[in-house]
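# Tertiary structure, described
These are the residues of each chain, in order.
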Amino acid sequence: KAGVTQTPRYLIKTRGQQVTLSCSPISGHRSVSWYQQTPGQGLQFLFEYFSETQRNKGNFPGRFSGRQFSNSRSEMNVSTLELGDSALYLCASSLEGRVGTEAFFGQGTRLTVV
Amino acid sequence: DAKTTQPPSMDCAEGRAANLPCNHSTISGNEYVYWYRQIHSQGPQYIIHGLKNNETNEMASLIITEDRKSSTLILPHATLRDTAVYYCIVRSPNFGNEKLTFGTGTRLTIIP
């Protein structure tokens, strides 16, 4: 079956702009989580959505937001971009988001803020 | 979630078994041990997970000590494609806690 799909794969934005990233989970998966990966901070959890509701949130400013649609597809939005937002953004999907189930990651969206 | 400690790097000869250790001395009785790996610039890939018993799948084996304070991931016949950063993660069983806390992992290099 198809894996987790993230679009776009690469993005270049200017400081101050906003950006929307998309994640299509594996069919049947209802939990979608987002992570930011930078060389300095490693992989950090942003938030998790389940059945269109945010269930968990990491320690990121309010400029980072997300949503999930009824088909489980999720979008992440970053407003007022800063240079430090340059990172690989990864999403992961799982059946229900419970421990004991696996989370499958997409290939990520590499965002560069100039 | 309990904290994990892994060596920063390891080398292994191609064709040999790669044994990656992980310490998780503060693990709670109902927390799972998960292993993921990340090949350069790709998304992390799930490998295996376990609670108390040793586990094996087509990719690897997971050996968890009886006191559950440490575990070892075993790649039985390492290939060059196994070169990656390997993350050992302890996960809480709380429902709705789909939050993986990644540490710095072990950078495994397979030597030809």
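See the structure above.
Here's what I pulled together on the structure shown here. (Residues numbered from 1 in each chain as written. Chains lettered and ligands numbered in written order. Predicted model: local features only at pLDDT ≥ 70, side-chain atom pairs only at ≥ 80, totals over all residues. Heavy atoms only, no water.)

What follows concerns the overall build of chain A. Within chain A, the regular secondary structure consists of zero helices and eleven strands. Helices (α) and strands (β) of chain A occur, in sequence order from the N terminus, as β-β-β-β-β-β-β-β-β-β-β. Its C-alpha radius of gyration of 13 Å places chain A within 12% of the 13 Å reference for a compact globule of 114 residues. Expressed along its principal axes, the backbone C-alpha trace of chain A runs to roughly 40 × 25 × 25 Å. (Helix = DSSP H or I, 4+ residues; strand = E, 2+ residues; numbered from the N terminus. Rg over C-alpha atoms; globule rule 2.2 N^0.38 Å.)

So, about the packing of aromatic side chains. Remark: the centre distance and the inter-plane angle together describe each pair of aromatic rings, the angle taken between the planes. The full count for this structure, using the stated rule, is 13 aromatic pairs over all chains. A centroid spacing of 5.9 Å and a plane angle of 90° characterise the contact between Tyr35 of chain A and Phe102 of chain B, whose relative ring orientation is edge-to-face. Remark: Phe102 of chain B occurs in the loop between strand 8 (84-91) and strand 9 (106-111) and Tyr35 of chain A occurs in strand 4 (residues 31-38); the pair is interchain, linking two chains. Like Phe102 of chain B, Tyr35 of chain A is buried. Judged by centre distance (5.3 Å) and plane angle (65°), the ring pair of Phe60 of chain A and Phe64 of chain A falls under edge-to-face. Note on Phe64 of chain A: relative accessible area 3%, which makes it buried. Every member of this aromatic cluster is reached through a ring pair, and the members are Tyr35, Phe45 and Phe105 of chain A together with Tyr32, Tyr34, Tyr36, Tyr46, Tyr87 and Phe102 of chain B. Over the aromatic face of Phe50 of chain A sits the side chain of Arg55 of chain A, whose NZ or CZ is 4.1 Å from the ring centroid. If you follow Arg91 of chain B out to its NZ or CZ, it ends over the ring of Tyr34 of chain B, 4.6 Å from the centre. (Phe/Tyr/Trp six-rings, centres within 6.5 Å; stacked < 30°, edge-to-face > 60°. Buried < 20%, exposed > 50% of the residue type's maximum accessible area, 1.4 Å probe, protein only. Lys NZ or Arg CZ within 6 Å of the ring centre and 35° of its normal.)

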